[in-house]
Amino acid sequence: MAAATPSPTPPGSLKRIVAASLIGTTIEWYDFFLYGSAAALVFNKLFFPESDPLVGTLLSFLTYAVGFAARPLGALVFGHYGDRLGRKKLLVLSLLLMGGATFAIGLLPTHATVGSAAPVLLTVLRLVQGFALGGEWGGAVLLVSEHGDAKRRGFWASWPQTGAPAGQLLATGVLSALTALLSDAAFVSWGWRIPFLLSGVLVIVGLWIRLSVDESPVFKAALAAAEERKAVGGQVEKMPLVAVLRHHWRDVLIAMGARMAENISYYVITAFILVYATTQVGLSKQTALNAVLIGSAVHFAVIPLWGALSDRLGRRPVYLIGAIGVGAWMFPFFTLIDRGTFGSLLLAVTVGLVLHGAMYAPQAAFFSEMFATRMRYSGASIGAQFSSVAAGAPAPLIATALLADYGNSTPIALYVIAAALLTVVAIACAKETRDRDLGEIEERTPRESRVGADV
């Protein structure tokens, strides 16, 4: 029995939905990126003080990577219940988990106080952060994608994506202000806790806004149709995960491949760069943070532009611009940083993030358009988050290890270029999804659900 395609959400309501998703994702990414910046700047001293500085940084980034390991589990759990119960309820839960874990990090005792228990507690809270973020992304982008129509879906769905640079901007801005106002000793002693504790205030604001929005009309229509099919014919739906792996496994693989260059390049440009610029080039922490801060502001501004362009040209062409561009930029990127000036560092980071935006902007609409409604949360989340274990999780760790082994940037640039080539192959295997109706995808049969099937 066919599910009726709901009418597009009125522009005013859609803007409210976009605002709710954007503010929520900004807070979630603020929490997540704050940890990454702190891992590069102070956690090696506070939680691994007995190690060599570079080894301590490696151990610090290892706890950072643990958060990524929990993201696939979050994707599975939140995806399952998000496809069964709805997007909104799970988004509220993810915000509470992420904010609570971040606030608790701000209260943690350090190695000097409780010894080896300190890094253990830090790792547990990082796992909670990763679990929450693994469920956050899919719900946030689907809530917007499923409220809009195909004509401008790339533009509207790209706004939750700006939550990443906005969160990076907020986290880096707070850290930058604190490092400017406080001495190094004061920052290491107590100043680093302030941004983590601020998360509690931000979560209250985010919850108030998220609780005010409506559930996705596409999801409600699909749920009603499923209930009707069950009542008429006794048909029982398969678990979303089972349905995804049976009917959309190629789409999942394409999404994972598409994420490789996007994820790896982002964490090299924004997290590892804090290590490289300070330890290899000799720039100050403040200089490196300011470069990431300004670059993140530009990143925020260009993502909706790339999203709008994907509505005109298609998801694939814009994504390919980003993947090829990031790969081509890596050697100039490090050459500029090695000059040791703020201007060259800023140019390197900003151009890198602009090219990254060409991948990140259409990703929300692109992944949403691959999957049927009653398995969309699971499919999009699994494709996005499982790849993060192989991509974003080890990226700063691998880059730092390569720097320690080789003492220069060449192997790091080649590492990002290899990821870019993998992403180009994945996008080349995909078909354009720009004109798909999210309600209509529900009607695809298993045979039609192969990659590239017309809707």
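Refer to the structure presented above.
Please read these numbers as outputs of a predicted model, since none were measured by experiment.

**Re the overall build of the protein**
Each helix and strand in the protein was counted, giving 19 helices and 0 strands. Its C-alpha atoms give the protein a radius of gyration of 21 Å, near enough to 23 Å, the size a compact globule of 455 residues would have. Along the three orthogonal principal directions, the C-alpha set of the protein runs to about 70 × 45 × 35 Å. Relative to its 455 residues, the protein shows a buried fraction of 60%. If you take every contact in the protein between residues at least 6 apart in sequence, the share linking residues at least 24 apart comes to 86%. Of the roughly 16,400 Å² of accessible surface on the protein, 67% is carried by carbon and sulfur atoms. One way to put it: in the protein the 34 positive side-chain charges average out to a point 2 Å from where the 28 negative ones average out.

**Quick word on the packing of aromatic side chains**
The description of an aromatic ring pair uses the distance of the two centres, along with the angle that the planes make with each other. In this structure the tally under the stated criterion is 16 aromatic pairs. Here F43 and F196 contribute two aromatic rings whose centre-to-centre distance is 6.0 Å and whose plane-to-plane angle is 25°, an arrangement assigned as stacked. With F43 in helix α2 (residues 43–47) and F196 in helix α10 (residues 193–210), this residue pair connects regions lying 153 residues apart in the sequence. An aromatic cluster is defined as three or more aromatic residues linked by ring pairs; in this entry it consists of F43, F47, W192 and F196.

**Describing a nonpolar patch on the surface**
A grouping of L73, L76, V77, Y81, L85 and F386 is seen on the molecular surface, where their side chains present a nonpolar patch of about 490 Å² in accessible area. Topologically, L76 is positioned in helix α3 (residues 53–85). In this structure L76 comes out as partly exposed when scored by relative accessible area, which is 30%.

**Some remarks on helix α15 (residues 315–338)**
An α-helix turns once per 3.6 residues; consequently, residues spaced three or four apart project the same way. With 24 residues, α15 should cover 34 Å at 1.5 Å per step; its first-to-last C-alpha distance of 35 Å lies within 8% of that length. Largest kink in α15: about 45°, centred on M330, with the proline P332 one to four residues after it. Looking at the residues trailing α15, positive phi occurs at G340, about 80°.

**Let's talk about the packing of helix α14 (residues 285–313) against α15**
Across the interface, α14 lies against α15 with an axial gap of 7 Å and an inter-helix angle of 135°. In this view, α14 runs oblique relative to α15, as classed from their interaxial angle. The segment α14 lies against α15, with W306, L309, S310, D311 and L313 engaging R315, P317, V318 and I321.

**Here's the deal with the environment of G135**
Its place among the elements puts G135 in helix α6 (residues 117–145). Classification of G135 as buried rests on a relative accessible area of 0%. G135 sits 217 residues away from G352 along the chain, and the two C-alpha atoms are 27 Å apart.

**With respect to the environment of V252**
Positionally, V252 belongs in helix α13 (residues 249–280). Residue class for V252 comes out buried when judged on its relative accessible area of 6%. Spatially, the C-alpha atom of V252 lies 16 Å from that of G74, the residues being 178 residues apart in sequence. Look past the residues within four positions of V252 in its chain and what remains in contact with it is V244, F371, G379, I382 and G383.

**Re the packing of helix α12 (residues 240–247) against helix α17 (residues 373–390)**
Following both chains from N to C, one finds α12 and α17 inclined at 70°, their axes separated by 9 Å at the closest point. The angle between α12 and α17 falls in the class roughly perpendicular. Contacts between α12 and α17 pair P240, L241, A243, V244 and H247 from the former with R374, M375, S378, G379 and I382 from the latter.

**Some points on the side chain of T179**
Structurally, the position occupied by T179 is in helix α8 (residues 163–181). Here Q286 takes part through its side chain, which lies 2.6 Å from a polar atom of the side chain of T179. If we ignore the near neighbours within four places in the chain, the residues touching T179 are F187, Q286 and L289.

Cut-offs and rules
Residues numbered from 1 in each chain as written. Predicted model: local features only at pLDDT ≥ 70, side-chain atom pairs only at ≥ 80, totals over all residues. Heavy atoms only, no water. Helix = DSSP H or I, 4+ residues; strand = E, 2+ residues; numbered from the N terminus. Rg over C-alpha atoms; globule rule 2.2 N^0.38 Å. Buried < 20%, exposed > 50% of the residue type's maximum accessible area, 1.4 Å probe, protein only. Contact = heavy atoms within 4.5 Å. Areas by Shrake-Rupley, 256 points an atom, 1.4 Å probe, with all protein chains shown as cover. Lys, Arg positive; Asp, Glu negative; His and termini not counted. Charge placed at Lys NZ, Arg CZ, Asp CG, Glu CD. Phe/Tyr/Trp six-rings, centres within 6.5 Å; stacked < 30°, edge-to-face > 60°. Patch = residues over 30% accessible without salt bridge, like charges linked within 9 Å, V, L, I, M, F, W, Y side chains within 5 Å. Salt bridge = Lys/Arg side-chain N within 4 Å of Asp/Glu carboxyl O. Expected span 1.5 Å × (residues − 1). Bend = angle between axes of the 7 residues up to and from the residue. Axes fitted to C-alpha atoms, helices over the stretch in contact; angles between N-to-C directions. Parallel < 35°, antiparallel > 145°, perpendicular 65-115°, else oblique. Polar contact = N/O pair within 3.5 Å; in protein donor to acceptor, adjacent residues only side chain to side chain.

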